[in-house]
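One letter stands for each residue in the lines below.
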Amino acid sequence: MSTKRNTLRDAIKVALYVGAASIVSVGAAYAQDATPAATKDSAKNLDTITVTGSRVRRVDSETASPVLVLDRKTIEQSGKMTIGEIVNNLPNISGAPTTTQVNNGGGTGAATAELRGLGSVRTLVLIDGHRPGPTPVDLNSIPLDLVERIEVLTEGSSTVYGSDAIGGVINFIMRKNYNGAQFTASYGESGHHDGVRKGQSLIVGQSGDKGNVVAGIEYNKYDAVLAGARPLSANAVNLYSGVTAVGGSSRNPNGRIHLPADNPTAVALGCQDVSLKPGSAGTGKTVASNYVCYGSNGTGPFNYQPQNIVLTPQERTNAFALATYNVTDDISAYADFYHQKQTAQSQIAPLPFDTNDGVFISKDNLYNPFGADFGPPTPNRFRSRFTSLGQRIINNSTTNDTVFLGLKGNFGQTWSWDAGFDYNHFFAIAGPEGYINLASLKDAFGPSMLVGGVPTCVATPGDPATAIGGCVPINIFNVNDPTTIAILKNAQVNPLSTTSFIERELEFNASGDVFDLPAGAVKLAVGADQIRDYENVKIDALTRANPVDGTCSLSQETCGTPLVGGFDEKEAYAELFVPLLKNAPFAYALNLDIGARYSKYNLFKGNDSNKLSLEWRPIKDLLLRGSIADVFRAPSAANLFGGATGGAPAFNGDLCAGLTPNGTQAQKDGYNAHLAACGPARGTVNGQVPGVGTPPDPGGIVDTTTAGQSTGVFEGSVLGGFDLQPEKGRSYDFGLVYDPEFVPGLSTSVDFYRITLKDTITGLNPDVAMQDCFNNSGSIYCKFIHRDTQGSITFFTLPTVNLGAIRTDGVDMAVKYKFPVTPWGQFSTSFDFTHINKFDRNLNPAATAADPANNEILHLAGHYNKDFGNYAKWRGDAMLNWSMGNWNAGWHMRWVGKVQIGDLDTLQNTSIDACKPTPLDPNPNCLGPTVLRIGNYFNSAVTAGYNFGAIGTMDSRVDVGVDNVLDKKPPFIYSNYAVNGNTDVSTYDTIGRLFWARFTAKF
């Protein structure tokens, strides 16, 4: 992060502000009119083209499938340096796509897209119609300067493209017929003097009678932006029982120590949770008199926010080479190669320490002032944070190589074919820093004593003869003690884990005319492919998870297990286009499109997909269209073979809170009525069934989680014992396009969609496991809830299962108008909107069917949900463009509509307040469901550019712009509901006003 002022940057800012004053239209023009250019091959086929959404080659670029097009001019004028920044601003994107603003839960520099908010795994990404690797694809791995246009299909299309095309398809069409050379240099910086981004690119190409070749390289770098550098994200602000407070985590450097009620210190202070006085006992043995009640004398929760980041630091290089060679007049060979190298960091607060993570501190430890054991199986708990070690950092490095090889050609008068081999290899290295090998300190936490005046670890308390060689006792009760710091740093480790994906595909496609009808030629497209996916995850021995409880030698968030596995897929499809009427009364054109695909897998059931589409033009200017299509998604290798991996999934609360076998009669009755969830048959810890302890007090789950999180051990379906199958559903799309001839330049469209999905592939949700087991003693999910001997939940096992259903519907609207040329230049404008009418996610359909009153259907439309993201009912883009001579300028506005967090409907079990009552324990301290309403969010950008024209052999231009012109702040969301930056970082801008400039030279 740079805070220095320099003359060049300030000069750019002055120019940008002056330019902004005269700008009257948008440069970042989304969804401009764009008609795909016919290639040499297509000319041989009567100028037919293939449009995203169909395999049939046709003359028409507007079909039954709704396709949003972003042309090259739109991409350039956006001023963005990565594809992810462009795509994720589309109004069709919702949910929680990964962006470079996602730190905790991201931090790899990757960006993914979620069409219709259905998850990035249900959005298929293609490059020139080819799969560039397993879904989800990192959009930032696609070289921006090589993209000719982006075609966004906004309907399910599994019949055409196979698995994953549920929410839609994003197809990147590359610049292959390119002549000359182009160099681009970009620079950007926020108005806060941080967030610097730099980029350069070079692209060269040559086209001729024998073929074409284009090659180049891109480089860009983004500096980090600290959360503490923005007022909104500088503090962890919690809402609990209606009270707003700057808080954070109970794992603080002064400790939060839970003592027995009869402990002398607890009796003397009048509290069971105590903390070390700030600044006391800097060295040596810490004594009990140096402790105060937790929360007093500045010993409250640790504010972890300032050391987090709201923009991931990253560095990326993309190299590419694409070539086509015309072997004969009818056969061409092609070879496309893409390479990306990317490094990025996620940065979070210093390492927390908790005896509930499998650490035992002996009462006979030399530095223990309380005379009590801490950690399981005792109820005593010790928490702290190792601030002296600095931040936890995950260094992420990814390499992605993609190759498309093949032959394509023509035969007969209309037929074209393509036979190819696609290969993708993705390799990632994750290297955490700031973590401790706790297993190596086991003896240091144990009994110890002075032997000859020297602190010594012993196996038997008070017996110097049992001294443990090489072990130095640790004063964990004062993490600022210099000796403690030295021991902790000596125990620091930097393990590595690697992930490798390989996807190979053989494919063949052919398309042409079959026979003629009065309305035109019947066209057929056929094809087949074979795909083999393979994944290999290697885990460092220090972070290899125990399959029983998911723990390892380091903090559980780093734990994982090796994974090796893959599967084979064979597919065949056919698509038939039938022109029914043409130039008839009330039928300028009437066309039918029918498709079918069969997918066969070696590890799970196959799948049939069918599609029926109809296009009707009652008059030339009006197109009515509709499609009904089956959609599906096959399990991935990770879904199947994933091992135990630690995580912190959201959890709304323990339904057993307040129930005990030793309390009031009501507590006893409730406990006995729900033994499966609350009693002894509640899973295992370290291979042993825990005893019947006392479940946590009302609201006590807050003490065993962090900000509504739980500890989870994720695993694949094979390890969890589930027979995973593809998820299936159906997509319905109906709409119209009206381009009135009497208003040249005007185009309007309205498209209604509905998607239903069942048997969704998902990791078991902790709330689903708890709810299902609580209401059904025979639930298969009871064994996945693990408690300690005191009844508190220690962790959940969360296997990948087919569980859940989704139903969503809404409408897309677009208006585009290119004004007639005026003496003041050429103006154009467009408006694109998406309205989500319904988005229902049923977490447990079986439970809903058995008892509708206890349904687990989340109504997400119009809500922000911490698990699934932002589903604002309205999103839109508005823009105005202007050009005259060598000048161009523009204005673009992005709109995200109102959203609500939480729901007053108790069945939704969502609330912005962290205090949540349970069904059998109302907890009078809680206010009940609480909502937070967020208003409309508008974010504007302006651009201006000037083309200097030819200077010698060079044609140059300069573009400047200001993103977030009004420095619009993102909406505030309490940190107990938003993991990153106190806001929804997948949707809203956290950086603020950003100035950028770009120089382009063409040779």
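Relevant structure appears above.
About the cut-offs
Residues numbered from 1 in each chain as written. Predicted model: local features only at pLDDT ≥ 70, side-chain atom pairs only at ≥ 80, totals over all residues. Heavy atoms only, no water. Helix = DSSP H or I, 4+ residues; strand = E, 2+ residues; numbered from the N terminus. Contact = heavy atoms within 4.5 Å. Areas by Shrake-Rupley, 256 points an atom, 1.4 Å probe, with all protein chains shown as cover. Lys, Arg positive; Asp, Glu negative; His and termini not counted. Charge placed at Lys NZ, Arg CZ, Asp CG, Glu CD. Pairing = 2+ DSSP bridges. Axes fitted to C-alpha atoms, helices over the stretch in contact; angles between N-to-C directions. Disulfide = S-S within 2.5 Å. Buried < 20%, exposed > 50% of the residue type's maximum accessible area, 1.4 Å probe, protein only.

S.K.: Explanation requested: the overall build of the protein in the structure shown.
M.R.: If you tally the helices and strands in the protein, you get 14 helices and 49 strands. For the C-alpha atoms alone, the extent of the protein along its principal axes is close to 95 × 70 × 50 Å. Across the protein, contacts joining residues at least 24 apart in sequence account for 72% of those joining residues at least 6 apart. Summed over all atoms, the accessible surface of the protein reaches about 38300 Å², with 59% contributed by carbon and sulfur. Side-chain charges in the protein split into 78 positive and 92 negative, and the spacing between the mean points of these groups amounts to 3 Å.

S.K.: I would appreciate a short explanation of the sheet that holds strand β4 (residues 168-174) in the present structure.
M.R.: Adjacent strands of a sheet form backbone hydrogen bonds with each other and so pair up, either parallel or antiparallel. Strands sit in the order β1-β3-β4-β2 across an open sheet of four strands; the sheet is mixed. Two strands bound the open sheet, and with one partner strand each, they are β1 (67-71) and β2 (123-127). Averaged over neighbouring strand pairs, the angle between their axes works out to 15° when direction is ignored. Across five bridges, the pairing between β1 and strand β3 (residues 147-153) is antiparallel. Its bridge partner being in β3, Asp 71 is matched across the sheet by Arg 149.

S.K.: Looking at this structure, how should I read the state of the cysteines?
M.R.: Simply put, the disulfide is a covalent bond whose two ends are the sulfur atoms of two cysteines. Here the structure, examined in full by the defined rule, presents six disulfides. There is a disulfide in this structure between Cys 271 and Cys 293, and the S-S distance comes to 2.0 Å. Judged by the sign of its S-S torsion, about -100°, the bond between Cys 271 and Cys 293 is left-handed. Placement of Cys 271 in the loop between α6 (264-269) and β12 (273-276) and of Cys 293 in strand β13 (residues 291-293) is noted, with a sequence separation of 22 residues between them. Through a disulfide, Cys 656 is tied to Cys 678; the S-S separation comes to 1.8 Å. Here Cys 656 and Cys 678 share a disulfide; its torsion about the S-S bond, -80°, makes the bridge left-handed. With a gap of 22 residues between them, Cys 656 in the loop between β31 (645-647) and α10 (665-673) and Cys 678 in helix α11 (residues 675-678) connect regions that are remote in the sequence. Both residues of the pair, Cys 656 and Cys 678, belong to the buried class.

S.K.: Can you help me understand the sheet that holds strand β17 (residues 352-354) in this one?
M.R.: The sheet built from five strands is open, its strands ordered β13-β12-β11-β18-β17 with antiparallel pairing. The two strands at the open ends of the sheet, each matched to only one other strand, are β13 and β17. Taking each pair of neighbouring strands and ignoring which way they run, the sheet shows an average axis angle of 25°. Bridging between β12 and β13 involves three bridges; their strand directions are antiparallel. Within β13, the residue paired with Leu 276 across the bridge is Tyr 291.

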